[in-house]
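# Results of the structural survey
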Amino acid sequence: MSERSERTSPIDDVLAALPPEDRLVAWVEEACAFGIRRPGSAAGHAVERWVADEMRAAGLDVRLARIEVPTWEHGAARLTAWPAGRPHDTTVIEGFPLPFTDGTDGTDRTDGAAGGLEADVVRFDRDHPQPERTRGAIAVDPVDLVTLPTEWMQAISTPVHDPGPVPDHLLPFGPRLGREVDDAIAAGAAAYVGALVGMPWPTRQYYVPYDGEHRALPAVWIDRTDATRLHALLDQGPVRGRIDVDARTGTGHTHNVIGTLPGASDEWVVIGSHHDAPWASAVEDGTGIALVLAQARAWAAVPPEDRPHNLLFLLNGGHMTGGA
């Protein structure tokens, strides 16, 4: 035991060495400044080099572990719908492509219509999927979000600190936890429209699913306001539609960034998050990057003999591809 650790515990030293709040905020801002850092993208590679440099500057032994990942790029997405038999009476709805689903080829069709996939537009009911109705159609699926009860979380937790009433947690997923499209695929849908009716605000910018699995159909998310318009059209009778999606899947690589600090035992503790992100966003996961870097810097200020365990600081690069 060192003279220093006789005066204070390692935790006291760590707390004293934690970076100030403005340093954490600056790390979050730096992460966001790289832009959309999806796995395999130029921004993704730039941010992994940056976090590796930050770890080295703190005194960690750093290595980058390469992982192969699927990649996905997209442009615009649109659903054009009209009452059956009235092709000029169109409702146009802008969408966001579902990650890792296919685009439409954009070639001219024999009927003279613009490129894309044209089919009947039908409501999709996952409890009663009616494959005979869904097969070959554009399936419109109203997706609500799931609430996770606090009592359920407490029942499976080891320790619980509950200073007062805690609200139930609204998950950013529907009842199939991001795999809603798979029910429509199983029912034979030719295309999928996920209507985000349960979002707290109108948005189509929804990067789900992010399991990195390729799904061979065009698919889009639409916001709750446009979902109301589309359902009103379906209430009037049979609807035809055309879905146009610019999206491409491929292959690439990213890196897990691994920094280590030796400690006084053979045990390891892993402190981790991810550096990739669906958007140029703070919470997915600029804040996680900042928290990992802050703890790495603080523990690096503690002498190795005063660290009770070996420490591994991990920022993984494949969170948005199923945790690769």
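In this text the structure is predicted, and so the values were computed from the model without any measurement. Within any chain, residue numbers begin from 1 and follow the written order of that chain's sequence. Residues qualify for local features only when their pLDDT is at least 70, as the model is predicted, and side-chain atom pairs are given and counted only at 80 or more; totals for whole chains, interfaces and linings, by contrast, use all residues. As a rule here, side-chain values cover all heavy atoms of the structure and leave hydrogens and water aside.

Helix numbering and strand numbering both begin at the N terminus, where a helix is a DSSP run of H or I of at least 4 residues and a strand a DSSP run of E of at least 2. Within the protein one finds 9 helices and 12 strands. Counting only C-alpha atoms and orienting by the principal axes, one finds that the protein spans roughly 85 × 45 × 35 Å. Within the protein, buried positions represent 46% of all 324 residues. For the protein, the share of sequence-separated contacts (at least 6 apart) that also reach a separation of at least 24 residues comes to 78%. We score Asp and Glu as negative and Lys and Arg as positive, and we do not count His or the chain ends. Every charge is mapped to an atom, namely NZ of Lys, CZ of Arg, CG of Asp or CD of Glu. Charge-centre separation for the protein: the mean point of 27 positive side chains lies 6 Å from the mean point of 47 negative side chains. Remark: exposure states derive from per-residue accessible area (1.4 Å probe, protein chains only) relative to the maximum for the residue type, with buried under 20%, exposed over 50%, and partly exposed in between. Here, residues are in contact when the closest pair of their heavy atoms is within 4.5 Å.

The next thing to look at is a nonpolar patch on the surface. Among the surface-exposed residues, Ile11, Leu15 and Leu18 lie close enough to one another that they form a single nonpolar patch of about 280 Å² accessible area. Take Leu15: it is sitting in helix H2 (residues 10–17). The class for Leu15 is exposed, based on a relative accessible area of 53%. Here, patches come from residues exposed beyond 30% relative accessible area and free of salt bridges, joined within 9 Å for like charges and within 5 Å for nonpolar side chains (Val, Leu, Ile, Met, Phe, Trp, Tyr). In short, Shrake-Rupley with a 1.4 Å probe defines the accessible areas, and a residue's cover is counted only from the protein chains shown. Here, a salt bridge means any Lys or Arg side-chain nitrogen found within 4 Å of an Asp or Glu carboxyl oxygen.

Attention now moves to helix H3 (residues 21–33). In a helix, the anticipated span is given by 1.5 Å times the number of residues less one. Compared with the 18 Å implied by 1.5 Å per residue over 13 residues, the 19 Å span of H3 between its first and last C-alpha is a close match. Considering only its buried residues, H3 is in contact with helix H4 (42–58) and helix H9 (282–300). Gly35 sits one or two residues past H3 and shows a positive phi near 95°.

Our next topic: the confidence of the model for the protein. Values of pLDDT, which run from 0 to 100, indicate the predictor's confidence residue by residue. When pLDDT is averaged along the protein, the result is 92, and 94% of the positions lie at 70 or above. The low-confidence segment residues 106–113 (pLDDT under 50) makes 12 contacts with residues lying over four places distant or belonging to another chain.

This part is about unusual backbone geometry. The step from Val208 to Pro209 runs through a cis peptide bond, and the omega angle for that step is 0°. Residue position: Pro209 is located in the loop between strand S8 (191–196) and strand S9 (215–223). Residue Asp285 is reached from Glu284 by a cis peptide bond, and omega for that bond is 0°. Positionally, Asp285 belongs in helix H9.

A word on the pattern of salt bridges. Inspection of every chain in the model, using the stated rule, returns 23 salt bridges. A salt bridge links Arg179 to Asp182; the shortest N-O distance between them is 3.0 Å. Exposure remark for Asp182: the relative accessible area of 16% places this residue in the buried category. The salt bridge involving Arg215 is made with Asp211; its shortest N-O contact spans 2.9 Å. Residue classification places Arg215 among the buried residues on the basis of a relative accessible area of 4%. Taking relative accessible area as the criterion, Asp211 reaches 21% and is therefore assigned partly exposed. Linked through salt bridges whose partners overlap, the residues forming this network are Arg179, Asp182, Asp211, Glu213 and Arg215.

The next subject is the packing of H3 against H9. In helix packing, the relevant descriptors are the interaxial angle and the interaxial distance, both defined with respect to the helix axes. Comment: axis = line fitted to C-alpha atoms, over the contacting stretch for helices; angle = value between 0 and 180 degrees taken between N-to-C directions. Across the interface, H3 lies against H9 with an axial gap of 8 Å and an inter-helix angle of 135°. It follows that H3 is oblique to H9 by the angle criterion. Here the hand of the crossing between H3 and H9 comes out right-handed. For the pair formed by H3 and H9, the contact residues are Arg23, Leu24, Trp27, Val28, Ala31 and Cys32 on the first element and Ala282, Gly286, Thr287, Ile289, Ala290, Leu291, Leu293, Ala294 and Arg297 on the second. Polarity classes work like this: nonpolar for Ala, Val, Leu, Ile, Met, Phe, Trp, Tyr, Cys and Pro, charged for Asp, Glu, Lys and Arg, and polar for all others, with Gly in that last group. Broken down by class, the residue content of the contact of H3 with H9 amounts to 11 nonpolar, 2 polar and 2 charged. For this classification, under 35 degrees means roughly parallel, over 145 means roughly antiparallel, 65 to 115 means roughly perpendicular, and everything else is oblique. Crossing handedness is read from the near helix: turned anticlockwise from the far helix by less than a right angle, it gives a left-handed crossing, and turned clockwise, a right-handed one.

As for its position among the elements, Thr203 is in the loop between S8 and S9. Of the polar contacts made by the side chain of Thr203, one reaches the backbone nitrogen of Gln205; its length is 3.1 Å. Beyond its immediate sequence surroundings of up to four residues, Thr203 is in contact with Leu196, Ile222 and Asp223. N or O atoms within 3.5 Å of each other form a polar contact, as long as, within protein, one can give a hydrogen and the other can take it, and as long as residues adjacent in sequence are counted only when both atoms are side-chain atoms.

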